[in-house]
Amino acid sequence: MAEGSLDGLPAAVEVAVYRIVQEALTNVRRHAGATACLVSLARTDQELRVAVCDDGVGLPPRPPAGVGLTSMRERAAETGGTCTARRREGGGTEIVARLPLH
């Protein structure tokens, strides 16, 4: 699902989004035990927000610092953005990256 035009994104943002979503979907497949997953993108004048939400088992209270979560955070940071992972209320995991468009 996408809100706003995705035309004209900076190349670094395109690559970061692709890699973050790729890693998040890999984590869903490997670890979540999910039956559904939603990828959404929302563009404003200032940022592109990408979220990957699943209905799986969710993150443990203290998730291990694995390669996947670390690489998603690093990809976002390379653009000046952020990436967070949290357990969703009612179950599942939500990964949200906010990448600036300056």
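See above for the structure.
The rules behind the values
Residues numbered from 1 in each chain as written. Predicted model: local features only at pLDDT ≥ 70, side-chain atom pairs only at ≥ 80, totals over all residues. Heavy atoms only, no water. Axes fitted to C-alpha atoms, helices over the stretch in contact; angles between N-to-C directions. Helix = DSSP H or I, 4+ residues; strand = E, 2+ residues; numbered from the N terminus. Parallel < 35°, antiparallel > 145°, perpendicular 65-115°, else oblique. Left-handed = near helix turned anticlockwise from the far one by under 90°. Contact = heavy atoms within 4.5 Å. Nonpolar A, V, L, I, M, F, W, Y, C, P; charged D, E, K, R; others polar. Pairing = 2+ DSSP bridges. Disulfide = S-S within 2.5 Å. Buried < 20%, exposed > 50% of the residue type's maximum accessible area, 1.4 Å probe, protein only. 1 Å grid on protein atoms, 1.4 Å probe; cavity = no way out; pocket = protein on both sides within 12 Å on 5 of 7 lines; lining within 4 Å. Points joined across faces, edges and corners; volume = space filled by probe spheres on them.

A.B. asks: Got a minute to help me understand the packing of helix H1 (residues 11-32) against helix H2 (residues 67-78) in this structure?
C.D. replies: Packed helices, taken two at a time, are described by their axes: the angle between them and the distance between them. H2 packs onto H1 with a crossing angle of 165° between their chain directions and a minimal axis gap of 9 Å. As judged from the angle between their axes, H1 and H2 are roughly antiparallel. In this structure, H1 meets H2 at a crossing whose hand is left-handed. Between H1, through Val15, Ala16, Arg19, Ile20, Glu23, Ala24 and Asn27, and H2, the contact on the second element is made entirely by Gly68, Ser71, Met72, Arg75 and Ala76. Considering only residue class, the contact of H1 with H2 consists of six nonpolar, three polar and three charged.

A.B. asks: It is not clear to me how the sheet that holds strand E1 (residues 2-3) should be interpreted in this structure. Could you clarify?
C.D. replies: Across a sheet, strands are paired by hydrogen bonds formed along the backbone, either parallel or antiparallel in direction. An order of E1-E2-E3-E5-E4 is seen for the five strands of this open sheet, with the pairing classed as mixed. The open sheet has two edge strands, E1 and strand E4 (82-87), and neither has a second partner. Direction of pairing for strand E2 (residues 37-43) relative to strand E3 (residues 47-54): antiparallel, over a ladder of seven bridges. Across the sheet, cysteine 37 pairs through a bridge with aspartate 54, a residue of E3.

A.B. asks: What should I look at first to understand the state of the cysteines in this one?
C.D. replies: What makes a disulfide is a covalent bond joining the sulfur atoms belonging to two cysteines. Using the criterion set out here, one finds zero disulfides in the structure. The closest cysteine sulfur to the non-disulfide-bonded cysteine 37 is located on cysteine 53, 7.6 Å from its own sulfur. We classify cysteine 37 as partly exposed; its relative accessible area is 34%. Left without a disulfide partner, cysteine 83 is nearest to the cysteine sulfur of cysteine 53, which lies 12 Å away.

A.B. asks: How should the layout of surface pockets be read in this particular structure?
C.D. replies: Take a probe with the size of a water molecule and roll it over the atoms, and the empty space left behind shows itself. Its boundaries defined by the atoms lining it, the largest pocket holds a volume of some 400 Å³. What lines the largest pocket is a set of 21 residues, among which Asn27, His31, Leu59, Leu69 and Thr93 lie closest to the centre. When contributions to the lining of the largest pocket are tallied by element, the ones reaching two or more residues are H1, E3, H2 and strand E5 (93-100). The element contributing the most residues to the lining of the largest pocket is H1, with seven residues.

Just geometry here; none of it tells us what the structure is for.
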